Amino acid sequence: MSETEATTAYALMGGQETVDRLVDRFYDRMEALPEGAVVRAMHPGDLTAIRTLLKKYMGEWLGGPKRYTSERGHPMLRARHLPFPIGNAERDAWMLCMNGALDETVSHVEVREHVRAALANLAGWMRNLPAEEPTV
Ligand code: HEM
């Protein structure tokens, strides 16, 4: 998301507190929903570390403090996902969990829908199965 926006999505949705709730509800869904199982299986048994990391990444991506890059360097998000086979099914499972979490945590409608569309785009970009790679 652009850092040059005068008011960031981060600020409009309620800052880090909302981002933290969004990420927690996202992984809660991944753990609980049968539709999330395909993506859950790619992750380690304990999700504590990735919960913290995604909170930092999402906060920064939405326009908040750079807590992810200060720790991990350039995101290189697509490269970091290459070890995991991601196609349409995995993208859809990831987005299903994220859509529910967004509905539950972000009350500002315009911001929520803007973030949802941007995340759907990003999730599509993460696909790396030969037949289902994004076209540039
Ligand atoms: C499209 C489906 C996606 C799948 C199946 C997926 C799966 C994964 C997996 C398995 C990991 C490793 C977790 C670990 O080692 O504990 C990971 C890491 C991560 N994912 Fe995703 N992911 C997807 C999309 C996304 C999207 C759209 C974002 C951004 C909003 C994202 C952000 C991250 C971040 C920040 C990390 C940690 C990277 C690091 O090591 O610094 N992922 N993902």
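Above: the structure in question.
Not measured: the values here are computed from a predicted model.

Draft legend 1. Structural detail: the overall build of the protein chain. Counting its secondary structure elements, the protein chain contains 8 helices and 0 strands. For a compact globule of 136 residues, the expected C-alpha radius of gyration is about 14 Å, and the protein chain comes in at 14 Å, within 12% of that figure. Its C-alpha atoms give the protein chain principal-axis dimensions of roughly 40 × 30 × 30 Å. Of all 136 residues assigned to the protein chain, the portion counted as buried reaches 42%. If you take every contact in the protein chain between residues at least 6 apart in sequence, the share linking residues at least 24 apart comes to 67%. Accessible surface computed for the protein chain: about 7300 Å², of which carbon and sulfur atoms make up 57%.

Draft legend 2. Representation of the pattern of salt bridges. Counted under the stated rule, the structure contains 13 salt bridges. A salt bridge links Arg51 to Asp28; the nearest nitrogen and oxygen atoms lie 2.8 Å apart. Of this pair, Arg51 sits in helix H4 (residues 48-61) while Asp28 sits in helix H2 (residues 15-32), and the two are 23 residues apart along the sequence. Asp28 gets classed as partly exposed once you look at its relative accessible area, which sits at 29%.

Draft legend 3. Up close: the site of the ligand. Pro44, Tyr68, Arg72, His81 and Trp94 are the nearest of the 22 residues found near the ligand. His81 is positioned such that a nitrogen or oxygen atom in its side chain is 2.8 Å from a nitrogen atom of the ligand. At a separation of 3.4 Å, a nitrogen atom of the ligand approaches a polar side-chain atom of Trp94. The set of elements that each furnish at least two residues to the shell around the ligand consists of H4, helix H6 (77-81), helix H7 (88-105) and helix H8 (109-125). In terms of residues, the shell around the ligand owes the most to one element, H4, which gives 4 residues.

Draft legend 4. Spatial organisation of the packing of H4 against H8. At a minimum axis separation of 13 Å, H4 and H8 run at an interaxial angle of 115°. Remark: the crossing between H4 and H8 carries right-handed chirality. Mapping the contact onto sequence places Tyr57, Met58 and Trp61 in H4 and Val115, Ala118, Leu119 and Leu122 in H8. When the residues that make up the contact of H4 with H8 are grouped by side-chain class, the tally is 7 nonpolar, no polar and no charged.

Draft legend 5. Fine view of the side chain of Arg127. Tracing the chain through its elements places Arg127 in the segment after H8. Despite its burial, Arg127 remains without a salt bridge, the nearest opposite charge being carried by Glu132 at 6.2 Å. In terms of polar contacts, Arg127 uses its side chain to reach the backbone carbonyl oxygen of Gly124, at 2.9 Å. Excluding residues that lie within four positions of it along the chain, Arg127 makes contacts with Arg78, Ile86, Gly87, Asn88, Arg91, Glu132, Glu133 and Pro134.

Draft legend 6. The arrangement of the packing of aromatic side chains in detail. Counting across every chain of the model gives 3 aromatic pairs. Taking 4.8 Å as the distance between ring centres and 55° as the angle between the ring planes, the aromatic pair formed by Phe26 and Trp94 counts as tilted. Of the two residues, Phe26 sits in helix H2 while Trp94 sits in helix H7, which places them 68 residues apart along the sequence. Their ring planes at 90° and their centres at 5.3 Å tell us that Tyr57 and Tyr68 sit as a pair that is edge-to-face.

About the cut-offs
- Residues numbered from 1 in each chain as written.
- Predicted model: local features only at pLDDT ≥ 70, side-chain atom pairs only at ≥ 80, totals over all residues.
- Heavy atoms only, no water.
- Helix = DSSP H or I, 4+ residues; strand = E, 2+ residues; numbered from the N terminus.
- Rg over C-alpha atoms; globule rule 2.2 N^0.38 Å.
- Buried < 20%, exposed > 50% of the residue type's maximum accessible area, 1.4 Å probe, protein only.
- Contact = heavy atoms within 4.5 Å.
- Areas by Shrake-Rupley, 256 points an atom, 1.4 Å probe, with all protein chains shown as cover.
- Salt bridge = Lys/Arg side-chain N within 4 Å of Asp/Glu carboxyl O.
- Near = heavy atom within 4 Å.
- Polar contact = N/O pair within 3.5 Å; in protein donor to acceptor, adjacent residues only side chain to side chain.
- Axes fitted to C-alpha atoms, helices over the stretch in contact; angles between N-to-C directions.
- Left-handed = near helix turned anticlockwise from the far one by under 90°.
- Nonpolar A, V, L, I, M, F, W, Y, C, P; charged D, E, K, R; others polar.
- Lys, Arg positive; Asp, Glu negative; His and termini not counted.
- Phe/Tyr/Trp six-rings, centres within 6.5 Å; stacked < 30°, edge-to-face > 60°.

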